[in-house]
Each structure stands twice: as structure tokens, then as C-alpha cells.
Amino acid sequence: MKVFCTGISGSGRTEYLKEFVKWSKKKYSQNINLINIGERMFEIAKKLGQNIKEEKILDLSELTLKWLRATVFEQVIGEVEKSPEVYVISTHASFRWRRYLLPAFDFFYLNKLSPDLFITIIDSIVDIKKRLENTRQWRGRLRLRDIITWQDEEVFITKILAEYQRKPFYVIPRRQPPSTLYNILFAKKKKVYLSYPMTHVENYENYMKRIGEFKKKLSEYFTVFDPGYIDDYGLLVEAYKALNDNKEYVEIDGFRISLDEIMEVEKDLRDQTIRRDLMLIDQSDIVVVYYTLPTLSPGVLSEIIYSFTNNKDVYIIFTPSNKISPFFEYFSTEIFFKEEEFFDFINGKEN
């Protein structure tokens with residue numbers, strides 16, 4: 001099996017894949033071969049007596065980059081060809097360098113490699129920004145708008161490559177557990193998108209604790225995609241607070257971002273939050289709605305309607321005492337008023 005995994009610089013792709021390899025070995029004694037194309041390119045250059053600095057590699061001529069990449073892919077294809085083992089090829093689909101988009105793959109070698117699965121690792125723009133600012137190569141180069149654009153391009157290009165080769169494609173948030181990728185590759189668990197209200201929540205910590213407990217139990221039966229693993233909208237919430245307090249920046253975990261830079265992407269963050277959640281729904285088999293609040297959530301209702309009208313089964317766990325919305329009834333496969341009823345139903349279906 002060959003997995004082609006992309007993700008922009010700062011996305012946490014390399015760290016996620018290393019955790020996945022280690023977890024798979026420890027949990028299931030499953031050996032995964034991880035090949036990092038970027039590292040291989042530096043190794044090849046060094047063997048040829050060219051010590052290329054990481055922060056300078058994208059300044060090389062396009063011809064030199066193509067040659068280095070081709071040499072590596074010839075090597076990789078020789079390793080994986082006809083091998084029964086599992087290989088994850090970690091690379092970029094594109095680079096956004098000096099305000100210019102550079103390709104990071106070659107159709108000829110991609111066709112020769114013929115991956116069985118395409119994956120893109122994504123993360124929140126704040127976490128990406130923090131990682132990039134801690135490197136010599138990217139420090140000070142990309143604003144939030146550049147990061148949003150680049151990550152969107154990375155997902156789009158990888159998805160097109162997967163569609164071109166008629167292979168499955170998944171987006172995996174960096175904070176998803178390693179079991180997510182393992183289940184996609186090896187398990188027969190159905191994939192679930194977990195929908196729940198995220199705004200206007202009282203006692204937020206206790207609420208999220210209940211969500212976590214439900215998600216943990218749900219994960220015993222399904223591979224669960226949680227939209228809460230990327231909280232770009234939370235950056236806007238902090239920005240609005242800063243505006244009210246007449247501050248010029250937002251500080252998150254000791255990392256400062258100028259208010260101007262955030263407000264520059266206000267509309268982008270709103271739109272991409274919705275688009276990303278719908279993308280996670282698209283790659284799921286089922287949508288499970290965990291609704292424990294007495295107030296109506298427009299976001300959850302929109303996800304219910306989108307899912308139901310796009311050929312997904314929608315199961316709603318609705319615990320408030322007030323009367324349920326007729327929209328919930330109309331656009332759902334089944335409604336349960338207690339968690340136990342839902343899991344009894346799932347157990348019955350599984351058995």
C-alpha cells in the first residue's frame with residue numbers, strides 16, 4: 001500500500017506522520033515505512049557535494065529542483081515497487097515562495113508511483129504561523145492571508161491529483177489522533193462527522209468535557225472526524241475582544257499576532273470554517289449530532305440539512321427538555337433523546 005501525504009510547511013505533517021508510525025508499531029505491531037521527500041532531496045544533494053541550506057533550497061533554479069526531485073522519486077519508486085509493505089510518502093503538493101506558487105511534484109513520477117490513497121494534513125492558521133515563525137526558512141515571510149491561501153491550494157491540488165487517479169482522498173486535521181489515519185488504512189470502521197454547537201456555550205470547559213466523553217465512546221464504533229480540532233474561528237473571537245479593548249494585537253499562548261493581520265482575513269476565516277466542516281462531512285459516511293443545549297444552533301442545523309440532502313444518514317442525540325425543532329425531525333434519519341438509546345441502536349446495528 002502506498003499513501004501520498006501532503007501538507008504545507010508548518011502544518012505539522014511530519015510530526016503527525018512520525019506519531020502515526022510510532023503509534024501503529026506500539027499499538028498493533030504494524031510496520032509503516034515513512035519516506036520524507038524533502039529530507040531525501042537534501043541527502044542526495046549532500047552526497048553530490050552540495051550542502052544546500054534549508055532556507056535556500058527554494059531559491060534554486062526550477063531545473064535543479066526538478067532534477068533533485070526526479071532523482072529522489074526514481075529512488076523511492078525502486079524501493080516501493082512490487083513491495084507488499086506499507087509506505088507513506090510525505091511531501092508537498094506546492095510551495096508558496098516569494099509570493100509565487102511553485103509545484104512540488106511531477107506527474108510522470110506520480111503516475112509511476114500510483115498511490116492507493118491521498119491525504120492532506122491541515123491545521124489552524126495560528127498553529128501554522130507559530131511553527132513557521134520558529135524556522136529560519138519561513139520567519140517573517142508569510143502573513144495569515146498567505147497561509148490560508150497556501151493551505152487551500154495544497155488541499156485543492158492534492159484532491160485533484162486523487163480524482164485524476166480515481167483514488168480516495170482525505171483531509172486530516174493535525175490534532176486528530178493517529179488512530180484516524182490507521183483506521184482509514186486498515187480498519188473497516190465507518191467514518192463519522194461529529195456535529196455539535198460550538199458557540200454561545202455556558203460552562204464551556206464542562207461542556208467540552210462531555211463532548212470529549214461522548215466522542216471517546218463514539219470512537220469505539222467509528223472513525224470520528226471532529227471539527228473542533230481546528231478552531232480558526234476562535235482567533236476571530238479573540239480579535240473582537242482586542243478591538244473592544246483597543247489593543248493592537250492578539251496574544252495566544254504567548255504568541256502575538258497583529259490585529260490588522262487578523263482582520264485582513266476576517267471574511268476568509270468565516271468562509272473557510274464552513275467550507276472545511278463541509279469537506280469533513282463529505283468524507284464521512286454518517287453524521288452524528290450531539291445536541292445538549294436548549295438554544296438553537298444555526299451552524300448545526302445547516303450541517304444537518306447539508307448532510308441529509310447529500311446522501312448521509314444523520315443521527316441526532318437531542319437531550320434538551322424543550323420541544324424539538326420540526327427541521328430536526330424532517331432532516332434526520334433518527335432522533336434519540338438519551339445517549340443510551342443511541343448506543344443501544346448502534347450496538348443493534350453492529351450485531
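First, a word on what this report is: a plain description of the structure on this page. Just so you know, these numbers come straight off a predicted model, no measurement behind them.

Below, the discussion takes up the environment of aspartate 260. Following the sequence through the fold, aspartate 260 ends up in helix H10 (residues 259-263). Put simply, aspartate 260 and tryptophan 138 are 122 residues apart on the chain and 20 Å apart in space, counted from C-alpha to C-alpha.

This paragraph deals with the sheet that holds strand S12 (residues 286-291). Reading across the sheet, the five strands line up as S9-S8-S12-S13-S14 and stay open at both edges, with parallel pairing between neighbours. One side of each edge strand has no neighbouring strand; the edge strands of this open sheet are strand S9 (223-225) and strand S14 (334-336). Adjacent strand axes in the sheet meet at a mean angle of 25 degrees when their direction is disregarded. With three bridges connecting them, strand S8 (residues 191-195) and S9 associate as parallel partners. Within S9, the position partnered with lysine 191 by the bridge is threonine 223.

With that settled, consider the sheet that holds strand S6 (residues 117-122). In spatial order, the strands read S2-S3-S1-S6-S7; together these five strands make up an open sheet with parallel pairing. One side of each edge strand has no neighbouring strand; the edge strands of this open sheet are strand S2 (32-36) and strand S7 (169-173). Within the sheet, the average angular offset between the axes of one strand and its neighbour, ignoring direction, is 25 degrees. Pairing analysis gives four bridges linking strand S1 (residues 2-6) to S6, with the strands arranged parallel. Paired with valine 3 across the strands is leucine 117, a residue of S6. Contacts from helix H1 (residues 13-28) reach S1, S2, strand S3 (86-90), S6 and S7, with the element oriented near 160 degrees to S2.

The N-to-C vectors of helix H2 (residues 37-47) and helix H3 (residues 62-80) enclose an angle of 110 degrees; their axes lie 9 Å apart at closest approach. By the angle between their axes, H2 is roughly perpendicular relative to H3. Side by side, H2 and H3 meet where Ile37, Arg40, Met41, Ile44 and Ala45 of the first sit next to Leu65, Leu68, Arg69, Thr71, Val72, Phe73, Gln75, Val76 and Glu79 of the second.

Attention now moves to the packing of aromatic side chains. Taken as a whole, this structure holds 28 aromatic pairs when the rule is applied. Judged by centre distance (5.0 Å) and plane angle (40 degrees), the rings of tryptophan 138 and tryptophan 150 are tilted. Of this pair, tryptophan 138 sits in the loop between helix H5 (125-133) and helix H6 (144-164) while tryptophan 150 sits in helix H6, and the two are 12 residues apart along the sequence. The residues tryptophan 138 and tryptophan 150 share a single accessibility class, namely buried. Where tyrosine 182 meets phenylalanine 186, the ring centres are 4.7 Å apart and the plane angle is 50 degrees; that geometry is what we call tilted. Here phenylalanine 186 and tyrosine 182 lie together in helix H7 (residues 178-186), a separation of four residues that amounts to about one turn. The class of phenylalanine 186 is partly exposed, set by a relative accessible area of 28%.

Before going further, it helps to spend a moment on the side chain of threonine 91. Mapped onto the fold, threonine 91 is located in the loop between S3 and strand S4 (94-97). Each residue touching threonine 91, except ones within four places of it in the same chain, is listed here: Phe4, Cys5, Thr6, Gly7, Arg13, Ile37, Ala104 and Glu154.

For the coordinates displayed, the defined rule picks out 23 salt bridges. Across the salt bridge formed by arginine 276 and aspartate 232, the nearest N and O atoms sit 3.4 Å from each other. Pair noted here: arginine 276 is in helix H11 (residues 266-282) and aspartate 232 is in the loop between S9 and helix H9 (233-244), with a separation of 44 residues, a long-range link. A relative accessible area of 8% places arginine 276 in the buried class. If you follow the salt bridges from partner to partner, you end up with Arg143, Arg145, Glu264 and Asp268 in one network.

What follows deals with H9. Because an α-helix packs 3.6 residues into every turn, residues spaced three or four apart end up facing the same way. Under the 1.5 Å per step criterion, the end-to-end length of H9 is 17 Å for 12 residues, consistent within 8% with the ideal 16 Å. Within H9, the full set of buried residues consists of Gly234, Leu235, Leu236, Ala239 and Ala242. Elements in contact with the buried residues of H9: H5, H6, strand S10 (249-252), H10 and H11. Downstream of H9 by a residue or two, asparagine 246 has a phi angle that is positive, lying close to 60 degrees.

Parameters and conventions
- Residues numbered from 1 in each chain as written.
- Predicted model: local features only at pLDDT ≥ 70, side-chain atom pairs only at ≥ 80, totals over all residues.
- Heavy atoms only, no water.
- Helix = DSSP H or I, 4+ residues; strand = E, 2+ residues; numbered from the N terminus.
- Pairing = 2+ DSSP bridges.
- Axes fitted to C-alpha atoms, helices over the stretch in contact; angles between N-to-C directions.
- Contact = heavy atoms within 4.5 Å.
- Parallel < 35°, antiparallel > 145°, perpendicular 65-115°, else oblique.
- Phe/Tyr/Trp six-rings, centres within 6.5 Å; stacked < 30°, edge-to-face > 60°.
- Buried < 20%, exposed > 50% of the residue type's maximum accessible area, 1.4 Å probe, protein only.
- Salt bridge = Lys/Arg side-chain N within 4 Å of Asp/Glu carboxyl O.
- Expected span 1.5 Å × (residues − 1).

By themselves, these observations are geometric and do not establish any function.
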